[in-house]
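Residue-level structure breakdown
Here's the letter readout for the chains.
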Amino acid sequence: MKADITLTVNGEAVRETVEPRTSLADLLRDNLRLTGTHLGCEMGACGACLVMLDGVAVHACLVLAVQADGQKVETIEGLNDSGLIKDLQETFHDRNALQCGFCTNGMLMSAYALLAGNSDPSRDEIRDALSGNYCRCTGYEAIVDAISAAADHRLNKAKGAQ
Amino acid sequence: MKSPAFEYVRAESVADAMSAYAEADGDAVYLSGGHSVVPSLALRLQAPALLIDLSNIAALSGISLHDGWLRIGAMTRHVQALKDPLIAAHAPLFTAAAPFVAHPAIRNRGTLGGSLAHADPASEFPAAAVAMRAELEIASSQGIRRVPADDFFVDIYETAIEPGEVLQAIHVPSPVAGQVIGFDEIARRRGDYAMVGAAVQAVSRGSGLEDVSIALFSVGNHPVRARKAQAALTGRMIDADAIADAQAALEDDLDPPDDPQFPASMRLHLARVLLGRVLANLEAVA
Ligand SMILES: Cc1cc2nc3c(=O)[nH]c(=O)nc-3n(C[C@H](O)[C@H](O)[C@H](O)COP(=O)(O)OP(=O)(O)OC[C@H]3O[C@@H](n4cnc5c(N)ncnc54)[C@H](O)[C@@H]3O)c2cc1C
Ligand code: FES
Ligand code: FES
């Protein structure tokens, strides 16, 4: 039996009718055409599908759309439009932290969640935060550089503002 | 892959969940964090007619102290094991184990109850529960019972939870003065399931260690209590000799599985190396 759900996606109220087996990722991609949430493995291993659900990063392939009923979802499109990850996007570009770009949205989501809770992460902490994100192109080093650089910029900006 | 079709209900109480299970004639699966259930559906390892979501049930949430025991609701997320001060103070092996469990986003959703009920032999929290001598609160249509962790883990993916029963909470006895703990594992990559792991707790007195409790994981079908190693350490101060005796005792405690990629002798060797490391780095928690 299909279920009616309502959720907030990138600040907008959304009402959809879904089969219970529909994952949050499929709802975002197929019903809402928010295709920035990528699907690699559909089993929690690759991290391409990360979104923010009620303020924490989760795998959209492992959450059923019906489980997200009544909750707030923020996708990479929402983060992009809000400007909250503009600095991360710039440092990823500067440091060549993406090649094919398939993993990048998930990487940015992990980086955003990390920096929200830890303004001065060590390289080891950055690697730990990315442990569930696969990248088949870059070898990770540049991604760690980019996140580390964005954290430094934010810290310098905060110091400058004092 | 995509999951096969199923029905979904969100239970509002344990009684609700159990009657939905009965009505489905057992062709149902409970869903807590869903991070083992949902991948298993996508991989089509199982195809139940009904998923019963437990996440809204008040009796399965909350963390509170009663008479020297910490009650941790089954729906408590892995991330709370990392961050919650009551868990850190009263169930410190869960806090020590949490960084080894999966990755940050999975820890945001996966639950302690789900991890224990799932009983993957390579999982961290089940071994921590055995080492802490936790007790598991299980609801059935007959009422509620508490099962010691030593009796809870029966076999690979098999626990004392009978079909249709609900794990409500995990009870952990608070640390006593002099309590020390240690937790570590060997894995191929950060966040992977362990190749071998060890959870240890003991009480350190002037005369030596008492109440030594050692649970090893990924060395058998469920967490294994290393009784001979515990005995080898009891009453002794931790030194190189005591550690060597405990390591030697693992030969009798363990009967690891043998597979071509990972022979039993290698698992036994790694278990010894790891136990030595953990014993050399025990930390005081009370
Ligand atoms: C990529 C990835 C990596 C992972 N790495 C690790 C790891 O390194 N270590 C580790 O330990 N785990 C790991 N996990 C598993 C993760 O920790 C799971 O979330 C956890 O094992 C199950 O918890 P859950 O809340 O998601 O349970 P669910 O998937 O919802 O349920 C698991 C099982 O328990 C049953 N169940 C759940 N709650 C109850 C209850 N209250 N009463 C009765 N039955 C119940 C369900 O019916 C199901 O059979 C990983 C998962 C993924 C996807
Ligand atoms: S698609 Fe969700 S983790 Fe790979
Ligand atoms: S840039 Fe191609 S997978 Fe990461």
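Residues numbered from 1 in each chain as written. Chains lettered and ligands numbered in written order. Predicted model: local features only at pLDDT ≥ 70, side-chain atom pairs only at ≥ 80, totals over all residues. Heavy atoms only, no water.

Concerning the side chain of A:Q67
Condition: Only runs of H or I of at least four residues qualify as helices and only runs of E of at least two qualify as strands under DSSP, and these elements are numbered from the N terminus. Using a 1.4 Å probe on the protein chains alone, a residue whose accessible area is under 20% of its type maximum counts as buried, one over 50% counts as exposed, and one in between counts as partly exposed. In protein, a polar contact requires one atom able to donate a hydrogen and another able to accept it; more generally it is a pair of N or O atoms within 3.5 Å, and residues adjacent in sequence count only if both atoms are side-chain atoms. Throughout, a contact is declared for two residues whenever any of their heavy atoms are within 4.5 Å.
Mapped onto the fold, A:Q67 is located in the loop between strand 4 (56–59) and strand 5 (72–74). Given a relative accessible area of 6%, A:Q67 falls into the buried group. Of note is the side chain of A:Q67, whose polar atom sits 2.8 Å from the backbone nitrogen of A:L64. Filtering out sequence-adjacent residues up to four positions away, A:Q67 remains in contact with A:L62, B:Y8, B:R10, B:L31, B:S32, B:G33, B:D53 and B:R109.

Some words on the site of ligand 1
Residue and element names in this part refer to chain B. The line we're drawing: Here, proximity means that at least one heavy atom of the residue falls within 4 Å of the molecule or strand. For accessible areas, the Shrake-Rupley method is used with a probe of radius 1.4 Å. Any residue's cover is judged against the shown protein chains and nothing else. Ten residues, namely Ala, Val, Leu, Ile, Met, Phe, Trp, Tyr, Cys and Pro, are considered nonpolar, four, namely Asp, Glu, Lys and Arg, are considered charged, and the remaining ones, Gly among them, are considered polar.
Around ligand 1, a shell composed of 33 residues is seen, among which Y30, G34, H35, T111 and S123 lie nearest. Measuring from an oxygen atom of ligand 1, one finds a backbone N or O atom of Y30 at 2.7 Å. Between an oxygen atom of ligand 1 and a main-chain N or O atom of G34, the distance comes to 2.7 Å. For ligand 1, whose accessible area on its own is 970 Å², the fraction buried by protein is 91%. Along the lines of polarity and charge, the residues of the shell around ligand 1 split into 16 nonpolar, 14 polar and three charged.

Thoughts on the domain arrangement of chain B
All names here are of chain B. For clarity, the threshold we go by: Start and end positions for the domains come from either an automated domain assignment or a database one. By convention, the term buried area covers the 1.4 Å-probe accessible surface removed from two parts as they join, with the contributions of both added. In what follows, salt bridge is the name for a side-chain nitrogen of Lys or Arg lying within 4 Å of a carboxyl oxygen of Asp or Glu.
Taken domain by domain, chain B consists of domain 1 (7–53), domain 2 (58–173) and domain 3 (179–285). Computed from C-alpha coordinates alone, the two centres of domain 2 and domain 3 are separated by 21 Å. Counting from both sides, the interface comprises 24 residues of domain 2 and, opposite them, 26 residues of domain 3. In total, domain 2 and domain 3 occlude about 2,100 Å² of area from one another, counting both sides; carbon and sulfur atoms represent 59% of this. Applying the counting rule to domain 2 against domain 3 returns two salt bridges. Measuring nitrogen to oxygen at the nearest pair gives 3.1 Å for the salt bridge that ties R133 to D211.

Things to note about the sheet that holds strand 1 (residues 7–10) of chain B
All names here are of chain B. The line we're drawing: At least two bridges found by DSSP between two strands are what make those strands a pair. Angular values range over 0 to 180 degrees, each being the angle between N-to-C directions of two axes fitted as lines to C-alpha atoms, with helices fitted over their stretch in contact.
Across the sheet, three strands lie side by side as 1-3-2; this open sheet has parallel pairing. The outermost strands of the open sheet, each flanked by one partner alone, are strand 1 and strand 2 (28–31). For this sheet the average axis-to-axis angle between neighbouring strands, irrespective of direction, equals 20 degrees. Strand direction decides the pairing type here: strand 2 and strand 3 (residues 50–53), joined by four bridges, are parallel. For A28, the partnering residue across the bridge sits in strand 3 and is L50.

With respect to the domain arrangement of chain A
Residue and element names in this part refer to chain A. You can read the domains of chain A as domain 1 (3–75) and domain 2 (85–161). Residue-level contacts link 14 residues of domain 1 with eleven residues of domain 2. Summed over both sides, the interface between domain 1 and domain 2 buries roughly 960 Å², with carbon and sulfur atoms accounting for 64% of that surface. Contact with domain 2 buries surface across domain 1, with H38, L50 and M52 losing the most and accounting together for 43% of the total. Taken together, the links from domain 1 to domain 2 amount to zero salt bridges. Summed over the shared surface of domain 1 and domain 2, the number is five residue pairs in polar contact (both at pLDDT 80 or more). At three residues, strand 3 (residues 50–53) tops the list of elements feeding residues into the side of domain 1 that touches domain 2. Considering only residue class, the side of domain 1 that touches domain 2 consists of eight nonpolar, five polar and one charged.

Concerning the interface of chain A and chain B
Counting residues at the interface gives 30 residues for chain A, matched by 30 residues for chain B. Of the roughly 2,300 Å² buried at the junction of chain A and chain B (both faces included), carbon and sulfur atoms supply 53%. Between chain A and chain B we count two salt bridges in total. A salt bridge links A:E42 to B:K2, with the shortest nitrogen-to-oxygen separation between them at 2.6 Å. Where chain A meets chain B, there are nine residue pairs in polar contact (both at pLDDT 80 or more). Contributions of two or more residues to the side of chain A that touches chain B are made by strand 3, strand 4 and helix 5 (123–129) of chain A. Of the residues that constitute the side of chain A that touches chain B, the class distribution is 17 nonpolar, five polar and eight charged.

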